[in-house]
Amino acid sequence: MVSLAPRAYRALDVGSKLLGLVLLAAALGGDAGAYAIPAALLGLAFGLLTVFIDVDD
């Protein structure tokens, strides 16, 4: 497991969730074209990225 300071964790959390949302929206909206399924899976992975990171108190 990886451990981060609260401020760094928050920045990574927001960034990964935003990137995941953009990729999912592109996949579902048809903008990803032939790469819709890989884009959706990558978006899901980025959205769940911070689940395995601990926050230092």
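Our subject is the structure listed above.
As the structure is a prediction and not an experimental result, all values here were calculated from the model. (Residues numbered from 1 in each chain as written. Predicted model: local features only at pLDDT ≥ 70, side-chain atom pairs only at ≥ 80, totals over all residues. Heavy atoms only, no water.)

Here we take up a nonpolar patch on the surface. Taken together, the side chains of Met1, Leu44, Leu48, Val51 and Phe52 present a nonpolar region at the surface, about 580 Å² in accessible area. Positionally, Phe52 belongs in the loop between α2 (36-47) and β2 (53-55). (Patch = residues over 30% accessible without salt bridge, like charges linked within 9 Å, V, L, I, M, F, W, Y side chains within 5 Å. Areas by Shrake-Rupley, 256 points an atom, 1.4 Å probe, with all protein chains shown as cover. Salt bridge = Lys/Arg side-chain N within 4 Å of Asp/Glu carboxyl O. Helix = DSSP H or I, 4+ residues; strand = E, 2+ residues; numbered from the N terminus.)

The next subject is the pattern of salt bridges. Counted under the stated rule, the structure contains two salt bridges. In this structure, Arg10 and Asp13 form a salt bridge, with 3.9 Å as the shortest nitrogen-oxygen distance. Of the two residues, Arg10 and Asp13 are both situated in helix α1 (residues 6-29); the distance of three residues between them amounts to about one turn of the helix. We note a salt bridge from Lys17 to Asp13, for which the minimum N-O separation is 2.9 Å. In this pair, Lys17 and Asp13 both sit in helix α1, four residues apart, roughly one turn of the helix. The network of salt bridges with common partners includes Arg10, Asp13 and Lys17.

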